[in-house]
Amino acid sequence: MTRTDVLQGTLDLMVLKTLDAAGEIHGYGIAQHIQQISDDALALNQGTLYPALLRLEQRGWIRSRWGRSDNNRKARFYRLTTAGRRQLAAETRSWERMAGIMQRLLDGPSSA
Amino acid sequence: MSTGRLRMMVARCAGLFGRRRRERELDEEIRHHLEMLADRYIQDGLSAEHAWNAARRDFGRVAAVKEAYRHQRGLPMIEIVLQDLRYGIRSLRRAPVFTLAALISLTLGIGANSAIFSVVNAVLLRPLPYPESDRLVHVTRLYSNGAIGSSLDGRLYHAVADDAATFESVTAIGSTTGFNLAFGTEATYVRAMPVTASYFNVLRTPPQIGRPFTPQEDTPNGGRVAVVSHGLWQRFLNGDAGAIGQSVQLSGEPYTVIGVMPEGFRSVPAVDVWVPLQLARSNTGGFNFAVIGRQAGGTGMDQVASEMRAITEGGLQANPDFMFEGQVLFPRSYQDVLSGNVRTALLLLLGAVSVVLLIACVNVANLFIARALSRGREIAIRAALGAGRRRIMGQLLAESLILAGAAGGVGLIVAWVVGPALLDLWPGAGAEWRSATLDARVLLVTAALSITTGIVFGTLPAFTLDSSGLAGHLRDDGTRTTQSRRAGWIRGALVASEVALAVVLLIGAGLLVRTFVNLRSVDVGFETEGLITAQMSPNSPRFRDSAELSAFYRQGLERVRAIPGVQGAAVVSGLPVERGLNVLVHDVEGPGGEEEMKLTDLRYVTPEYFSVMGIPIGSGRTFDVNRDVADAQPVALVNQEFARRFLGEEQPIGRHLQVYARGPMYEIVGVVQDVQEMGVGRDPHPVMYVPVDQAQTGFLASTHGIFPISWVLRARAGSGDVAAQVRAAIRAIDPMTPFSSFRTMDQVVAASLSTPRFHVVLISLFSGLALVLASAGIYGVMTYAVSARTREIGVRIAIGASAATIVRTVVGQGVLLAVAGVVVGLIGAAGLTRLLESFVFGVSTYDPTSFLAAAVGLLLVAVLASAIPALRAARVDPVRTLRTE
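Residues numbered from 1 in each chain as written. Chains lettered and ligands numbered in written order. Predicted model: local features only at pLDDT ≥ 70, side-chain atom pairs only at ≥ 80, totals over all residues.

### Re the overall build of chain A
- Within chain A, the regular secondary structure consists of four helices and five strands.
- When the elements of chain A are put in sequence order from the N terminus, they spell out β-α-β-α-β-α-β-β-α.
- For the C-alpha atoms alone, the extent of chain A along its principal axes is close to 60 × 35 × 20 Å.
- With 112 residues in all, chain A has 29% of them scored as buried.
- Across chain A, the fraction of contacts at a sequence separation of at least 24, relative to all contacts at a separation of at least 6, is 51%. (Helix = DSSP H or I, 4+ residues; strand = E, 2+ residues; numbered from the N terminus. Buried ≥ 20, exposed ≤ 12 C-beta atoms within 10 Å, placed from the backbone. Contact = placed C-beta atoms within 7 Å.)

### Here we look at the overall build of chain B
- Of the regular secondary structure elements, chain B holds 27 helices and 22 strands.
- A compact globule built from 885 residues would reach a C-alpha radius of gyration of about 29 Å, whereas chain B, at 38 Å, exceeds it by more than 25%.
- Here the C-alpha coordinates of chain B stretch approximately 130 × 80 × 60 Å along the principal axes.
- Taken across its 885 residues, chain B has 42% of its residues classed as buried.
- A fraction of 83% describes how many contacts in chain B between residues 6 or more apart in sequence connect residues 24 or more apart. (Rg over C-alpha atoms; globule rule 2.2 N^0.38 Å.)

### Re the domain arrangement of chain B
- Taken as a whole, chain B is organised into domain 1 (3-74), domain 2 (133-339), domain 3 (341-520 + 754-883) and domain 4 (541-735).
- Each of domain 1 of chain B and domain 4 of chain B has a C-alpha centre, and the two are 97 Å apart. (Domains from an automatic or database assignment.)

### Brief notes about the nonpolar core
Residues and elements named next belong to chain B.
- In this structure, Val356, Ala502, Val503, Ala770 and Leu858 are the most contacted members of the largest nonpolar core, which totals 170 residues.
- The greatest single-element share of this core, amounting to 20 residues, is contributed by helix α11 (residues 334-374).
- Three or more residues apiece are contributed to this core by two domains, here domain 3 (341-520 + 754-883) and domain 4 (541-735).
- Residues in contact with Ala502, not counting those within four places in the same chain, are Ile359, Ala770, Leu771, Ala774 and Leu858.
- Within the second largest apolar cluster, 57 residues are counted, among which are Leu203, Val227, Val228 and Leu279. (Core = buried A, V, L, I, M, F, W, Y, C linked by C-beta atoms within 7 Å.)

### A word on the pairing of strand β4 (residues 186-195) of chain B
Residues and elements named next belong to chain B.
- One ladder, built from seven bridges, connects strand β3 (residues 177-183) with β4; its direction is antiparallel. By the bridge assignment, Asn180 is partnered in β4 with Tyr189.
- Here β3 hands over to β4 after two residues, with Gly184 in that stretch at a positive phi of 65°. (Pairing = 2+ DSSP bridges.)

### Description of the interface of chain B and chain A
- Counting residues at the interface gives 21 residues for chain B, matched by 17 residues for chain A.
- By residue number, the principal contributor to the side of chain B that touches chain A is helix α2 (residues 19-43) of chain B, which donates seven residues.
- When its residues are assigned to classes, the side of chain B that touches chain A shows nine nonpolar, five polar and seven charged. (Nonpolar A, V, L, I, M, F, W, Y, C, P; charged D, E, K, R; others polar.)

### Some words on the sheet that holds strand β5 (residues 74-80) of chain A
Residue and element names in this part refer to chain A.
- The sheet built from three strands is open, its strands ordered β2-β5-β4 with antiparallel pairing. Here the strands that pair on one side only, and so sit at the sheet edges, are β2 (25-26) and β4 (62-68).
- Pairing of β2 with β5 involves two bridges; the strand directions are antiparallel. Residue Ile25 lies in a different strand from β5, and its bridge partner there is Tyr78.
- Taken strand by strand, helix α1 (residues 11-22) contacts β2, β4 and β5, and its axis lies near 95° from that of β5.
- Against the sheet, helix α3 (residues 49-59) contacts β4 and β5, and its axis sits at roughly 120° relative to β4. (Axes fitted to C-alpha atoms, helices over the stretch in contact; angles between N-to-C directions.)

### What about the confidence of the model for chain B?
Residue and element names in this part refer to chain B.
- In the predicted model, chain B carries a mean pLDDT of 86, and 95% of its residues have values of at least 70.
- Here residues 476-482 is modelled with pLDDT under 50, and outside its nearest four sequence neighbours on either side it reaches 12 contacts, counting other chains as well.
- Interface confidence in the predicted complex, given as ipTM, is 0.90; pTM for the same model is 0.74. (pLDDT = per-residue confidence, 0-100.)

### Concerning the packing of helix α23 (residues 754-788) of chain B against helix α25 (residues 803-832) of chain B
Residues and elements named next belong to chain B.
- At a closest axis distance of 10 Å, the pairing of α23 and α25 adopts a crossing angle of 140°. Between α23 and α25, the crossing angle belongs to the class labelled oblique. Note that α23 runs across α25; the crossing there is right-handed. Where α23 approaches α25, its residues Ile778, Met782, Ala785 and Val786 are matched on the opposing element by Val810, Gln813, Gly814, Leu817 and Ala818.
- Counted by class, the contact of α23 with α25 contains seven nonpolar, two polar and no charged residues. (Parallel < 35°, antiparallel > 145°, perpendicular 65-115°, else oblique. Left-handed = near helix turned anticlockwise from the far one by under 90°.)

### A closer look at unusual backbone geometry
All names here are of chain B.
- Residue Val268 is joined to Pro269 through a cis peptide bond whose omega torsion reads -5°.
- With respect to the element layout, Pro269 can be found in the loop between β8 (253-260) and β9 (273-276).
- Its identity is not glycine, yet Gln278 carries a phi of approximately 50°, on the positive side.
- Residue position: Gln278 is located in the loop between β9 and β10 (290-295).
- The phi torsion at Val577 lies on the positive side, around 75°, for a residue other than glycine.
- Within the secondary structure, Val577 sits in the loop between β13 (566-572) and β14 (581-587).

### Considerations on the environment of B:Ala415
All names here are of chain B.
- Secondary-structure assignment places Ala415 in helix α13 (residues 389-425).
- Considering only alpha carbons, one finds Ala415 and Phe236, 179 residues apart in sequence, at a separation of 35 Å.
- Apart from the residues within four sequence positions on either side, Ala415 is in contact with Ser114, Ala115, Ser118, Leu438, Val442 and Thr446.

### A look at the environment of B:Leu425
- Take B:Leu425: it is sitting in helix α13.
- Sequence separation between B:Leu425 and B:Phe758 is 333 residues, and the spatial gap between their C-alpha atoms is 7.8 Å.

### Here's the deal with helix α7 (residues 154-163) of chain B
- Within the sequence span of α7(B), burial applies to B:Gly154, B:Leu156, B:Tyr157, B:Ala159 and B:Val160.
- Where the residues of α7(B) are buried, they touch β1 (136-142), β2 (167-173), β10, α10 (301-318) and β11 (328-333) of chain B.

### As for the environment of B:Leu700
- Relative to the elements of secondary structure, B:Leu700 occurs in helix α20 (residues 697-706).
- For B:Leu700 and B:Asp587, which are 113 residues apart along the polypeptide, the C-alpha to C-alpha distance reads 21 Å.

Laid out in C-alpha cells, this is it:
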C-alpha cells in the first residue's frame, strides 16, 4: 500500500476537524483518529502533531488541560475553542474552494 | 498587527520562560503517546521490545519533534542567542588557559578605562553639586592677546551685578583666608571665604539652619556675622541648633553665627566659614574677586556674552578707567572654568588608557584567531552537520561577548574602587567637592566599551575562516592545522600594530619620567634636610601692628630655639616653593612714571631667616637684628632675579623701593640668591624681602589675609617629636594662635611635584601594561606559528638544519614583526608627543633618548618573547613529527 505524505498546511485542518468531531481528546487519540479516518493511507509521523498542537494553541484555536486517560495515565487533553470553530469553518470553506479548483483543472481537456 | 499575530507574539514571549517545566511537560506528553502506541502493538501480539520499536517508528524522531516544538514555542532568535551563550560558556570553561588570558587582558583594559572615565565623568561631565548648576557663569576679563583673566575688581563686579539682565543674580567671592576660630577656650584654624549676600541665591543653596546674610550685613561695617559649614558645626559647635546666635571669635574679632550650611555643601575652594564681603561701592578692591552669575531662564551664552560686551563699552564711555585698554568682560561656563587646569591631563590620560584597551583588544583578537584556527576541525564538523556560516559566527561572537561582558563587570568593580581613590590622589581635580562614584554614565560607557570590544575581536577571527579552509580541516588529521595565509597576515599585522601602540605610550612615559627626574634634580636653592615648617594665621587685629607681631615672633623663636635638637628658627610670611603676596613696587631712582612699577613677590622675614634656610647672600649684607629695627632706616633685600629683571646692569645696593604710595622708602642693602620661589621647575620670580619689624600695616593685613605665615626650624635628625614641643611652646605664649600644619621642607617640595609625579605614575603604569600585553601578543603569535610549522621544522632538522638556524629563523620572524611595529610607533609618536608640550620640563618632546629607549626596549622584549617558542622549535624531534603522518 502506498502512503500519501501529509500535504503542507493540511495537518492543522485535520487536527481542528478531529477535535470538532471527537471533542476533548489527547494527542495519541488525535493521531489514531486521523489514521483510522484515512484508513492508514496517510504517512503521518505522529510526533509532528505536537508542534502543530502548540501552534494552534498559541493562536487561541484550541485549549489544553492535564487529565487522566482511560487507562489512568496522565495525559494532556485538547479541545476546540469558539475561535477554533470559526477557524475550522473558514479553513473548510477555503479547502473546498481549492479542491474544487483543482478538480476542475484536472478534469479539463488534455492534449493526449 | 492582527489579534491572531499579537496573540502569537504574546504566547511566544511567554514561551521564553518556564523552559524547564515546558520541557518536562513535552517529555511527559511524548512518553504518554509512545506508551499508548506500544500498548496497542502489544495487544496486537508483539513482544515488548518490538512493540516499542514500532511505536518509535510511528512517532518519528523524538529529537526532531522536540526541536520543532521548541522552535514553535519561543522566539527562535532569542532561543538561539541563549543557546549560543550557554554553548559559549561551556566551551570557554573547556579552555581555561585561553579564557583566563583573554579575561585578564580585557579586564585590565576595560577596568583601567572605566576607572579613568569615572574621573573624567566626575571632573568634566558631572554637573557641579549645586541646583541647576549648568546656568552658573564665571565672568572674567578677556585680554587683547587672547589670554583669559581669573578675577574682576569691585567696580566691574558692581557694573555686572547692576546692569546684566541676562543674570538672575550675581555674586562676588573674595580671596579665601585663614582664620583662627575660637569658641569658648578652644581655638582651631579654619579657612573662610568672604562672599556677597547674593552668594546663597546664586548657588541656590540657603543655610540649612538659620539664615543667609542680609544685604545690610553685606555693606561696610554691616556687622560681624558668619555662616558655618555642617562639618565645622558638628565638630566645633557640638552640632547644637542653639549655636545660631552664638558668638565665636574669628582671629580675635567676635562674630555671630547666623547659619549652618547643609551637609554635603562644598564651596570652591572648600571652606568652613563664610563671612560677608562688605565691599564698598566706592572701593575697587583690586582684581581679587571671582564673579559668578546665575543665568536667567531662557537666555543663551551668546546673549550673556553680548551683554558683557555692551557693559564693557558702556562702562568705558562713562569712565575711561573702567577697564584696561583692549580688555572685555568675558563669560564662561563655571563648570569649564573649574575643570580647566586638569582637563588636558585628563584627556591625555584617557587617550593613553584607551591605547591600552586597544592593545588588549588586539591581543584577545589574536587569541581568538589562534583558537578559531585550532578549532578548525570542530567548526568544520559543525558546518558539515548543517550549521550555517552565520550560526558559526554567532557562536564565536557569543564567546567573545561573554568574555567582554565578564571583563566589563570586573571593570565596573575596578572603577567603583579605583575611581574615587584616583580622584582623591589627582592633584587639583577638586576631590574635596567632587565625587567619582559610579553613575549611569559610567555604567553605560563601560557596557558600550565591553560590547564594542566584544564585537570587534569576536568578528575578526570569523574573517580569517574562509569557507574553502573548512573542508581542508575535515581532511586534517587533527595533529596539525594549516594556518591560512590570510590568518597569518592578519595576526602579524595585529601584533605589529600593538607594538606600535606600545611604543607610543612608552615614549610618552619616557618623556614624563625624564621630566620628573629633571624636576627632582632641580636645586631648590636651600638646604631642605632637617628643615621643618609650621603654618599659622596671625590674621587678627592684634597683629596688624608690626611691633606686636615681631614681639610675638621674638618670644616664640626664643622658646623654640630652646627646644633640644633645634639648631635655628625663623619666620617668613610666604614659604618658598609655595608663594607670597604680589605687590607693585616703585623704583625710586628709576626713570619714574607708571612703567617703573615693578610686580614683585614681597615677603617679610625675621632676620635669621637666610641663615636658617641656608640661602647664600650674593652681595651686600643680610638683615641685622640690632640694626634693622622698627624706627631705623627701612631696608630690603632683593633676589638675583629682581636685580636682573628690574635693574639690569645697574648696581642694586643703595637704591630705594617704595611699596605703597606715601609709604617708607626701603633701601636695598643686599642681594640674595634665587630659590625656587613659585614651585619646583618654575621660572625664577622676583622677590623683595623686608624685616618684620619694618613691615607696613597695609602689607601685614594683605598678606595675613591671604597666606598663612611659616615658622621654619632646622632640627638635628632624631631629636624626637619637635612638632609637639613647638606646638606647646607657642601655645604657652598665645593659645589663640594655633598652628594649622607641620610639614618637613621635603614634603613641601614633594607637594610641589605632586602633579608631575601623579602623571608619571599613571603613564608608567599604563605603558607597563602596554608592554606586558604587547610581549604577550608576540609570544602568542610566535608560539602558534611554531606549533603550526612543527612538521616543516622537523623536516628541516632532519635534512640537517642546526638548532641555531632554527632559533634564528623563528626569532628573526618575531623581531621582524616588532621592527615593523616600532617604525610605525616612532612615526606616530613623533606626531603625537607635541601634545605633551605643557607637561615636560628640561626635555624636548622629540627627546632622542626616550625615542631610542622605547624602540630598543620593545625590540628586546620581542627577542625574549620569541626566544621561548624558538627554543622549543629547536628541540623538535624530527622522527616523532614525521611519524605522526
